[in-house]
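What follows is each chain in one-letter form.
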Amino acid sequence: PQGMRECTSHYLKADDERTPKYIQQQMSLGVSGKLFCYNQKCKARIGEFNWAGIRSSCGVFITPACRISKGKVEEKEAAIVKVVRSATKAEE
C-alpha cells in the first residue's frame, strides 16, 4: 500500500518456542531493556525489548515488543512477526 514504510527491525514473539533461548532469558530480567549478542566475544547490542510495547519504525504499536535491528543480524526464518497495519488487511 502507498505510504507504508518498511520496518527497519524484526519483531519476535517472546513466548514463541522458535525465539532463541538467550533472548528469552534476557527478556525475563525486567520490564524493558537492551538485547545483546549471545557470543561472548561479540557482546554487541542487537535490539531491545519492552513488555509494555514499542512503536515500530513502520508506525505500528507492538505489545509486548522484542525488536531486533535488521542491520545487526543475519536474516533467518524464525519467530519473526510480520507487522501489518490493520488498514492494510482491509485493502486486501
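**Q** Whenever I open this one, the overall build of the protein confuses me. Can you help?
**A** For the protein, the helix and strand inventory stands at two helices and seven strands. What you see in the protein, going N to C, is helices and strands ordered as β-α-β-β-β-β-β-β-α. Buried positions account for 33% of the 92 residues belonging to the protein. Pairs at least 24 residues apart make up 49% of the contacts formed inside the protein by residues separated by at least 6 positions. As presented, the protein carries roughly 6,500 Å² of accessible surface, and 50% of it is formed by carbon and sulfur atoms.

**Q** Looking at this structure, how should I read the confidence of the model for the protein?
**A** Segments scoring low in pLDDT should not have their predicted coordinates read at a detailed level. When pLDDT is averaged across the protein, the result is 77; 76% of the residues are at 70 or more. Scored below 50 in pLDDT, residues 78-92 makes 30 contacts in the model with residues more than four places away or belonging to other chains.

**Q** Before we go on, may I ask you to explain the state of the cysteines in this structure?
**A** Simply put, disulfide is the name for a covalent bond between the sulfur atoms of two cysteines. Counted by the stated rule, this structure contains one disulfide. Residue Cys37 stays outside any disulfide, its sulfur separated by 3.2 Å from that of Cys42, the closest cysteine. The exposure class of Cys37 is buried, given its relative accessible area of 18%.

Definitions and limits used
- Residues numbered from 1 in each chain as written.
- Predicted model: local features only at pLDDT ≥ 70, side-chain atom pairs only at ≥ 80, totals over all residues.
- Heavy atoms only, no water.
- Helix = DSSP H or I, 4+ residues; strand = E, 2+ residues; numbered from the N terminus.
- Buried < 20%, exposed > 50% of the residue type's maximum accessible area, 1.4 Å probe, protein only.
- Contact = heavy atoms within 4.5 Å.
- Areas by Shrake-Rupley, 256 points an atom, 1.4 Å probe, with all protein chains shown as cover.
- pLDDT = per-residue confidence, 0-100.
- Disulfide = S-S within 2.5 Å.

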